[in-house]
Amino acid sequence: MSTIAAFYGGKSILITGATGFLGKVLMEKLFRTSPDLKVIYILVRPKAGQTLQQRVFQILDSKLFEKVKEVCPNVHEKIRAIYADLNQNDFAISKEDMQELLSCTNIIFHCAATVRFDDTLRHAVQLNVTATRQLLLMASQMPKLEAFIHISTAYSNCNLKHIDEVIYPCPVEPKKIIDSLEWLDDAIIDEITPKLIRDWPNIYTYTKALGEMVVQQESRNLNIAIIRPSIVGATWQEPFPGWVDNINGPNGIIIATGKGFLRAIKATPMAVADVIPVDTVVNLMLAVGWYTAVHRPKSTLVYHITSGNMNPCNWHKMGVQVLATFEKIPFERPFRRPNANFTSNSFTSQYWNAVSHRAPAIIYDCYLRLTGRKPRMTKLMNRLLRTVSMLEYFINRSWEWSTYNTEMLMSELSPEDQRG
Ligand SMILES: CCCCCCCCCCCCCCCCCCCCCC(=O)SCCNC(=O)CCNC(=O)[C@H](O)C(C)(C)COP(=O)(O)OP(=O)(O)OC[C@H]1O[C@@H](n2cnc3c(N)ncnc32)[C@H](O)[C@@H]1OP(=O)(O)O
Ligand SMILES: NC(=O)C1=CN([C@@H]2O[C@H](COP(=O)(O)OP(=O)(O)OC[C@H]3O[C@@H](n4cnc5c(N)ncnc54)[C@H](OP(=O)(O)O)[C@@H]3O)[C@@H](O)[C@H]2O)C=CC1
């Protein structure tokens, strides 16, 4: 058994965001490689009419957890779903549950966040800043806590070209923003948001940067590490290749391309497509949890998990690969044959959007109306183009991320653990 897998044996682990994309893969890897862990506490809220138990069963019954059932047949007994809503200041966790979390937790992986680029500042601060602060306060009351691993994003300082593995100060103190949001009404917040976020491209990246500052300011005597993944894509190897369960980031664009909805995008073809497989990110998270707990670095270390300077790909190459894949394994009944044009020219992009996206959608909706069916293509196309417009900032630039800490950590691992 690997040193890292052995480390998690007998441990009580708290994961926030465990029902999310990254959280599910983290849980799966822990149960599969450390089946003798004591318990995984997950903070869950009811969603889409499902109770906590129903959500947990749905996750454990999914294809992602098929291997777990073989190596950890009693997984249902080792997962403890705790009702929590991170939108509430005390997370709305019951006294008994809170008591158990505070007295038993050994490791925290804080994945929960709102990753929407169009969230309101109030909601994004609540989730990505205030909730982080609240969790750190909880962590400071955990006598058995060995490590607190905070998941940020490699884009939290995307207003810089070169980003080091350090926590950069934000122009405004997080506490001042949290306090102001308590009395400002939504209209005023909407008005000041562009000035507040300055040269950050959206509220998501801005509040992730604020969250990192809170981690630094409220770390007290905690043993903390921050991980910054770039764009997290489908699984590469574990538990099987190609698993993804959301339409965020590249996932939605690739699907839209395969269905023939999207045929052109405003992107710099040679810009680095910094996509990192989710299982690679989870491997680093587990390694960081082990290293932070065992080696107890003197300060909060930041780890970049990006592909750019180790194994760079660009959007053109990714486009070619995506088209080749859909050539081999096409979607059933695509709207059109997949095609992929990149342009960095705004006028050309607008032309493509009119001719290749909006017009065909309108024509198709006319056909649906004529055949007595409800038109839907124009609405879908508008939503897709809105999503693409929010992603454009990230596909027309490249960044340089230093990876000294991540490479240092890799050098500390046994050959078996280096293979993940
Ligand atoms: C032709 C060329 C082709 C080229 C071919 C190939 C080239 C390769 C590809 C090239 C390009 C790659 C670009 C990557 C750049 C990424 C940079 C990220 C950097 C930071 C990464 C991070 O650090 S952070 C993770 C990333 N963060 C996001 O990427 C959030 C974005 N996104 C949103 O900010 C919201 O998504 C936004 C947009 C508001 C929509 O919002 P919206 O209001 O239009 O859509 P909704 O959210 O309402 O959802 C509409 C319906 O989709 C359902 N749905 C929603 N989300 C779902 C989910 N996740 N899984 C399942 N289903 C979901 C929902 O249930 C609705 O269904 P219904 O209508 O039935 O309710
Ligand atoms: N995906 C990516 O490309 C990247 C992600 N990251 C970071 O990784 C982390 C996880 O991202 P990802 O898994 O993609 O995000 P998801 O949107 O898939 O998951 C977000 C998680 O946070 C939980 N959550 C959101 N709001 C609340 C709330 N009010 N109360 C309780 N739980 C809540 C969600 O629970 P629920 O299921 O109930 O909604 C879900 O479990 C985030 O911190 C993100 O910033 C960093 C870089 C890239």
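Residues numbered from 1 in each chain as written. Chains lettered and ligands numbered in written order. Predicted model: local features only at pLDDT ≥ 70, side-chain atom pairs only at ≥ 80, totals over all residues. Heavy atoms only, no water.

Per an unreviewed UniProt entry, the protein chain carries the name Fatty acyl-CoA reductase and comes from Homo sapiens. Its UniProt record gives the protein chain a comment under Function (unreviewed entry), which states: "Catalyzes the reduction of fatty acyl-CoA to fatty alcohols." As its UniProt record puts it under Subcellular location (unreviewed entry), the protein chain is described as follows: "Peroxisome membrane". (UniProt positions renumbered as here; feature names shortened; annotations may be inferred.)

Visitor: Can you break down the sheet that holds strand β11 (residues 301-305) residue by residue, with the values?
Guide: The parallel open sheet is built from seven strands, whose spatial order is β3-β2-β1-β4-β5-β7-β11. Where the open sheet ends on each side, the last strands, each with one partner, are β3 (79-83) and β11. Strand-to-strand twist across the sheet, computed as the mean angle between neighbouring axes with direction ignored, equals 20 degrees. Sheet topology places strand β7 (residues 224-229) next to β11; five bridges connect them, and they run parallel. Residue pairing for β11: Ala225 is matched across the bridge by Leu301. (Pairing = 2+ DSSP bridges. Helix = DSSP H or I, 4+ residues; strand = E, 2+ residues; numbered from the N terminus. Axes fitted to C-alpha atoms, helices over the stretch in contact; angles between N-to-C directions.)

Visitor: Break down the domain arrangement of the protein chain for me, with residues and values.
Guide: When the domains of the protein chain are assigned, the result is domain 1 (3-230 + 274-310 + 403-419) and domain 2 (242-273 + 313-397). Here domain 1 and domain 2 have C-alpha centroids that lie 31 Å from each other. Listed by partner, the interface residues are 18 residues for domain 1 and 15 residues for domain 2. Across the domain 1/domain 2 interface, buried area totals approximately 1300 Å², and carbon plus sulfur atoms make up 68% of it. Its largest share of buried area at the contact with domain 2, domain 1 owes to Phe21, Phe117 and Val275, together 37% of the area lost on that side. Here domain 1 and domain 2 share two salt bridges between them. Where domain 1 touches domain 2, the interface holds five residue pairs in polar contact (both at pLDDT 80 or more). For the side of domain 1 that touches domain 2, the class distribution of residues is nine nonpolar, five polar and four charged. (Domains from an automatic or database assignment. Contact = heavy atoms within 4.5 Å. Buried area = accessible area lost by both parts, 1.4 Å probe. Salt bridge = Lys/Arg side-chain N within 4 Å of Asp/Glu carboxyl O. Polar contact = N/O pair within 3.5 Å; in protein donor to acceptor, adjacent residues only side chain to side chain. Nonpolar A, V, L, I, M, F, W, Y, C, P; charged D, E, K, R; others polar.)

Visitor: Run through the nonpolar core, naming residues and quoting values.
Guide: Judged by nonpolar contacts, the single largest core of 57 residues is most densely connected at Ile15, Met27, Phe31, Ile42, Phe109, Met285 and Tyr303. Considering each element in turn, this core owes the most residues, eleven residues, to helix α12 (residues 278-295). Here Phe109 is in contact with Tyr8, Ile13, Leu14, Ile15, Thr16, Leu26, Ile149, Met285 and Leu286, once residues within four sequence places are set aside. Ranked by size, the runner-up nonpolar core spans 50 residues in total, among them Ala112, Val125, Met138 and Ile177. (Core = buried A, V, L, I, M, F, W, Y, C linked by side-chain atoms within 4.5 Å. Buried < 20%, exposed > 50% of the residue type's maximum accessible area, 1.4 Å probe, protein only.)

Visitor: So what's going on with the site of ligand 2? Which residues, and what values?
Guide: Around ligand 2 sit 26 residues, and of these Thr19, Arg45, Lys47, Arg55 and Tyr204 come closest. A distance of 3.3 Å separates an oxygen atom of ligand 2 from a polar atom in the backbone of Gly17. At 2.9 Å, a backbone N or O of Phe21 approaches an oxygen atom of ligand 2. Contact with the protein chains removes 89% of the 890 Å² of surface that ligand 2 exposes when unbound. (Near = heavy atom within 4 Å. Areas by Shrake-Rupley, 256 points an atom, 1.4 Å probe, with all protein chains shown as cover.)

Visitor: Can you lay out the UniProt feature "domain: Fatty acyl-CoA reductase C-terminal" (unreviewed entry) in the protein chain for me, pointing to particular residues and giving the numbers?
Guide: Mapped onto this structure's residue numbering, the UniProt feature "domain: Fatty acyl-CoA reductase C-terminal" (unreviewed entry) falls at residues 357-419. The span residues 357-419 carries 73% helix and 3% strand; its end-to-end C-alpha distance comes to 44 Å.

Visitor: Requested: an account of the packing of helix α11 (residues 249-258) against helix α13 (residues 315-328), with residues and values cited.
Guide: Across the interface, α11 lies against α13 with an axial gap of 10 Å and an inter-helix angle of 50 degrees. In terms of their interaxial angle, α11 and α13 are classed as oblique. Considering how the two elements wind past one another, α11 and α13 form a crossing that is right-handed. In this structure, α11 uses Pro250, Ile254, Thr257 and Gly258 to contact α13, whose residues at the interface are Met318, Val322, Leu323 and Phe326. Of the residues assigned to the contact of α11 with α13, the class counts are six nonpolar, two polar and no charged. (Parallel < 35°, antiparallel > 145°, perpendicular 65-115°, else oblique. Left-handed = near helix turned anticlockwise from the far one by under 90°.)

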